[in-house]
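# Survey of secondary and tertiary structure
Okay, here's what each chain looks like letter by letter:
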Amino acid sequence: MLVVKKFGGTSVANKERIYNVAERCIDEYKKGNDVVVVLSAMGKYTDELIAMAKDINENPPKREMDMLFTIGEQMSVSLMAMAMNKLGVPAVSLNAFQVAMHTTSVYGNARIKRIDSDRIRTELEQRKIVIVTGFQGINKFDDYTTLGRGGSDTTAVALAAALHADKCEIYTDVDGVYTADPRKVKNARKLDTVTYDEMLEFATLGAGVLHNRSVELAKKYGVQLVVRSSLNTNEGTIVKEDAKMEKMIVSGVAADTDAARVAVIGLKDEPGVAFRLFNALAQKNINIDMILQSVGRAGTKDITFTCSDDDADEAAKIISEAMKFEDINVNKEVAKVSIVGAGMQTNAGVAAKMFEALYDENINIRMISTSEIRVTVLIDEKNVERAMNAIHDKFNLGENEK
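### Quick look at helix α5 (residues 118-125)
Three or more residues of α5 are buried, namely I120, E123 and L124. Within α5, the buried residues cover an arc of 100° as seen down the axis, which keeps them to one side. Exposed and oriented more than 90 degrees from the buried face of α5 are D118 and E125. Count one or two residues on from α5 and you reach R127, which has phi positive near 55°.

Following this line, the structure appears as structure tokens:
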């Protein structure tokens, strides 16, 4: 059996934790399995690298940032190989060039195109544990690229797909996927299983357990994911195509505080306005989420949308240069709260129940967005935890309602 195991930065933050991970991987190896390990940079090391870069140049080139970032993962994998060798098990560390991990050329947010698996298979045939740098790749110019926030998850799933692994285990600092963030909702419950589609919504909506692109890849190639804790041996959450065992209308509540609302007031009410506005943003790679257009009045209309906090000011600047309008307003003190569940497709009244929970708490809804398995509302950021708890209780998702 071939198993891919991915460990995040907190899992390898110090010597003790590195040896803990090494021993867990060796336990798998001693069962006779082939083991490929993907690691993130140690602890907060990436943040330290960003601080160093900004100290030198407050607006560093993205290519050079990617060159700098790769140091973190290379440090993790080499130290892990040293630990495993100290424990008497042969291990080898490989970076993106040595694998090789081919990506697109977008620095800071590259996508994996293909993986050359020959080197990894050769090392596995020699009964070594193979430890691969997460988060990084190489482009057609032979430059290092990075895969964006949470990119090590994507590396692990892509490797599992390329190697036809039997399973891909993602180890984090939580036991699995919960009905809500257990740090914000006291009686949040761990889910035994969750579907790819539900997990993709959770990942996109700020749940923070898995990178959304890793879930997309897992669904595309049928890679079974298991989300587990690196700090204990508890059973985790299985992410797979069908998770009927839960039989829940709503699987969980997610919140994303990295949101901003941009309102463009007094645009011309004519064909092509929305295209010009959002095309201008797309040209600058600014991702848009919720969109609301008002009913036209006196020859004008308003368009409101959400984007990430970091992109909001740039979005306003781009629109100001591309469009004519009366006013533009940016509000960063907002957050998205969502319910997710495959059972919502066949059950009426789910959205109304969510809105009732917010009404009971006197929380105002600023925008609403829906899909077949999700309802998202935009609210004031100060109300996030209260909203999550109220919705969680309204749908009886907690420990006492198993």
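### Section: the environment of A352
Looking at the secondary structure, you find A352 in helix α11 (residues 350-360). Sequence separation between A352 and V132 is 220 residues; the distance between their C-alpha atoms is 47 Å.

### Observations regarding unusual backbone geometry
Each neighbour pair has its own omega, and for V99 with A100 the value is 0°, a cis peptide bond. Within the secondary structure, A100 is located in the loop between α4 (96-99) and β4 (101-103). Positive phi values are uncommon outside glycine, yet N285 reaches one of about 60°. Its location among the elements puts N285 in the loop between α9 (273-283) and β14 (291-293). Look at A298: it is not a glycine, yet its phi comes out positive at around 50°. Considering the arrangement of structural elements, one finds A298 in the loop between β14 and β15 (300-307).

### Quick look at the packing of helix α1 (residues 15-30) against helix α3 (residues 62-86)
As a packed pair, α1 and α3 sit with axes 9 Å apart at the nearest point and diverge in direction by 60°. By crossing handedness, the relation of α1 to α3 is classed as right-handed. Judged by residue contacts, I18, Y19, V21, A22, C25 and I26 of α1 engage L79, M80, A83, M84 and K86 from α3. Residue composition of the contact of α1 with α3, grouped by class: 10 nonpolar, no polar and 1 charged.

### Side note on the sheet that holds strand β10 (residues 193-195)
Spatially, β3-β6-β2-β1-β9-β11-β12-β10 is the arrangement adopted by the 8 strands of the open sheet, whose pairing is mixed. Each having just a single partner strand, β3 (91-94) and β10 make up the two edges of the open sheet. Strand-to-strand twist in this sheet, taken as the mean axis angle between neighbours without regard to direction, amounts to 20°. Inspection of the sheet shows β3 paired to strand β6 (residues 129-133) by 4 bridges, in the parallel sense. Counterpart to V92 in the pairing with β6 is V130.

### Notes on the side chain of H392
Within the element layout of this structure, H392 appears in helix α12 (residues 384-394). Sequence-distant contacts of H392, defined by excluding residues within four places in its chain, comprise T179, A180, V185, N187, A188, V253, L397 and G398.

### Re the sheet that holds β15
Ordered by their spatial adjacency, 6 strands build an open sheet running β14-β15-β13-β16-β18-β17, and the pairing between neighbours is antiparallel. Of all strands in the sheet, those with a lone pairing partner are β14 and β17 (367-371), marking the two edges. The sheet shows a mean angle of 25° between the axes of neighbouring strands, taken without regard to direction. As paired strands, strand β13 (residues 252-268) and strand β16 (residues 327-340) are joined by 11 bridges and run antiparallel to one another. Counted as the bridge partner of V253 is I339 from β16. α12 contacts β13, β16 and β18 (374-380) of the sheet and is inclined by roughly 120° relative to β13.

### Notes on α3
Look at α3: 37 Å from first C-alpha to last across 25 residues, which is about the 36 Å you get at 1.5 Å a residue. M65, D66, F69, T70, G72, E73, S76, V77, M80, A81, A83 and M84 are the residues of α3 that are buried. G88 sits one or two positions beyond α3 and adopts a positive phi of about 90°.

### Some words on the pattern of salt bridges
Evaluated as defined, the whole model comprises 26 salt bridges. Between R63 and D143 there is a salt bridge whose closest N-O contact spans 3.1 Å. Placement of R63 in helix α3 and of D143 in the loop between β7 (136-138) and β8 (144-146) is noted, with a sequence separation of 80 residues between them. The shortest N-O distance in the salt bridge between D380 and R366 comes to 2.6 Å. With D380 in strand β18 and R366 in the loop between α11 and β17, the pair connects residues that are 14 residues apart, well separated along the chain.

Quick notes on the rules
- Residues numbered from 1 in each chain as written.
- Predicted model: local features only at pLDDT ≥ 70, side-chain atom pairs only at ≥ 80, totals over all residues.
- Heavy atoms only, no water.
- Buried < 20%, exposed > 50% of the residue type's maximum accessible area, 1.4 Å probe, protein only.
- Helix = DSSP H or I, 4+ residues; strand = E, 2+ residues; numbered from the N terminus.
- Arc of directions from axis to C-beta.
- Axes fitted to C-alpha atoms, helices over the stretch in contact; angles between N-to-C directions.
- Left-handed = near helix turned anticlockwise from the far one by under 90°.
- Contact = heavy atoms within 4.5 Å.
- Nonpolar A, V, L, I, M, F, W, Y, C, P; charged D, E, K, R; others polar.
- Pairing = 2+ DSSP bridges.
- Expected span 1.5 Å × (residues − 1).
- Salt bridge = Lys/Arg side-chain N within 4 Å of Asp/Glu carboxyl O.

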